[in-house]
Amino acid sequence: MRDNGTDFYDNDANFEKYMQRRQWQENANDTLEKPVIMELLGDCSDRHILDLGCGDAGFGVELLKKGCAAYMGIEGSRKMAEASESNLTGLNNGTVQHMRMEDYAYPPDAYDVVISRLAIHYLQDIAGLFRGIHQTLRPGGRFIFSVEHPVITSTLQPSGMRTNWVVDNYFIEGYREQQWLGGTVHKYHRTVEDYFTALTEAGFRVASLRESKPVREHFLTEETYERRRRIPLFLFLEGVKKG
Ligand SMILES: C[S@@+](CC[C@H](N)C(=O)[O-])C[C@H]1O[C@@H](n2cnc3c(N)ncnc32)[C@H](O)[C@@H]1O
């Protein structure tokens, strides 16, 4: 059976390397991904937030400290779910469930915001997931997510310092394998159009489409900033539940 996106993080060596990578100064998550997520999210005070593929729930801790009413993380990796539980200890209204996001019940009209950061490209099928997310949002509720940019997932190459990128197989959607941090990651490529269409077919109005355009102030060095202006790493979409 094919490995899934959570098995990678349950391998001790991969988990350690991933956590170290997240601490790097100028890591792509903090310089490129998070600023757009924060902009799209805006004021989260009094919001009930569901975070799919929440990792160690560091983001949940931040949201609760910013005044969100409740935070629920769903995390498929046991090691990540344990890290989440530990990080959320002592914070009121912060919980995590160890399960795959495909298996969550998505109770109707329960959340104001569903967020998912860099996890949905691990899923083979997103149509059912997006319907579940639509169901669990209150009218006017928002679904905000980031994924690896389709120009990257189309043509996965061993990760390293990227200075240029040749896009290939863009319209061949589906399974991809990549060597990353010494392990093998399993992902699913889909086009920008596929993500957009999946949102509209689930009933959302697409309110934003963003790419990880670098902003100079988020970088310590000119060199990294200039390098990040060459290749788009992340794609973001925001869907709003009508009504
Ligand atoms: C790149 S990490 C991002 C973690 C966190 N969202 C962040 O931005 O720091 C991807 C996370 O998604 C989780 N994940 C992947 N597939 C999943 C699934 N089907 N259900 C739940 N979690 C999943 C992985 O275990 C991993 O913790």
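Residues numbered from 1 in each chain as written. Predicted model: local features only at pLDDT ≥ 70, side-chain atom pairs only at ≥ 80, totals over all residues. Heavy atoms only, no water.

Novice: Describe the sheet that holds strand β1 (residues 48-52), and please don't skip the residues or the numbers.
Specialist: Pairing is mixed across the open sheet formed by 7 strands, whose spatial order is β3-β2-β1-β4-β5-β9-β8. Both outer strands of the open sheet, β3 (94-98) and β8 (204-211), are each paired with one neighbouring strand and no more. Across the sheet, the mean angle separating the axes of adjacent strands is 15 degrees when strand polarity is ignored. Judged from the 3 bridges that link them, β1 and strand β4 (residues 111-117) form a sheet pairing that is parallel. Within the sheet, the bridge partner assigned to Ile49 lies in β4 and is Val113. Against the sheet, helix α4 (residues 58-65) makes contact with β1, β2 (70-75), β3 and β4, and its axis sits at roughly 175 degrees relative to β2, the strand it touches most. Contacting β2 and β3, helix α5 (residues 78-88) crosses the sheet at an angle of about 165 degrees to β3. (Pairing = 2+ DSSP bridges. Helix = DSSP H or I, 4+ residues; strand = E, 2+ residues; numbered from the N terminus. Axes fitted to C-alpha atoms, helices over the stretch in contact; angles between N-to-C directions. Contact = heavy atoms within 4.5 Å.)

Novice: Can you tell me about the environment of Leu88, naming the residues and giving the values?
Specialist: On the secondary structure map, Leu88 appears in helix α5. Sequence spacing of Leu88 and Arg190 is 102 residues, and the spatial spacing of their C-alpha atoms is 33 Å. Aside from chain neighbours lying at most four places away, what touches Leu88 is Ala57, Gly60, Val61, Leu64, Tyr71, Gly94, Thr95 and Val96.

Novice: Explain the nonpolar core to me, using residue names and the numbers behind them.
Specialist: Core analysis: the biggest nonpolar cluster contains 37 residues, and Ile120, Phe130, Ile133 and Phe143 have the highest contact counts within it. A per-element tally of this core places strand β5 (residues 137-148) first, with 4 residues. Excluding residues that lie within four positions of it along the chain, Phe143 makes contacts with Val114, Ile120, Phe130, Ile133, Leu137, Leu199, Phe204, Leu237, Glu238 and Gly239. Judged by nonpolar contacts, the second largest core, of 33 residues, contains Leu40, Leu41, Tyr71 and Tyr170. (Core = buried A, V, L, I, M, F, W, Y, C linked by side-chain atoms within 4.5 Å. Buried < 20%, exposed > 50% of the residue type's maximum accessible area, 1.4 Å probe, protein only.)

Novice: Could you give an account of the UniProt feature "domain: Methyltransferase type" (unreviewed entry) in the protein, with specific residues and numbers?
Specialist: Feature annotation in UniProt places "domain: Methyltransferase type" (unreviewed entry) on residues 50-145, given in this structure's numbering. A helix fraction of 30% and a strand fraction of 31% characterise residues 50-145, whose end C-alpha atoms lie 11 Å from each other. (UniProt positions renumbered as here; feature names shortened; annotations may be inferred.)

Novice: Which residues make up the packing of aromatic side chains, and what are the values?
Specialist: What describes a pair of aromatic rings is the distance from one ring centre to the other and the angle between the planes of the rings. All chains considered together, the criterion is met by 14 aromatic pairs. Through a chain of ring-to-ring contacts, three or more aromatic side chains come together here, namely Phe8, Tyr9, Tyr18, Tyr122 and Trp180. Just above the ring of Phe15 sits the side chain of Lys79; from NZ or CZ to the centre is 5.0 Å. In this structure, Lys187 is placed above the aromatic ring of Trp180, and the distance from its NZ or CZ to the ring centre is 5.7 Å. (Phe/Tyr/Trp six-rings, centres within 6.5 Å; stacked < 30°, edge-to-face > 60°. Lys NZ or Arg CZ within 6 Å of the ring centre and 35° of its normal.)

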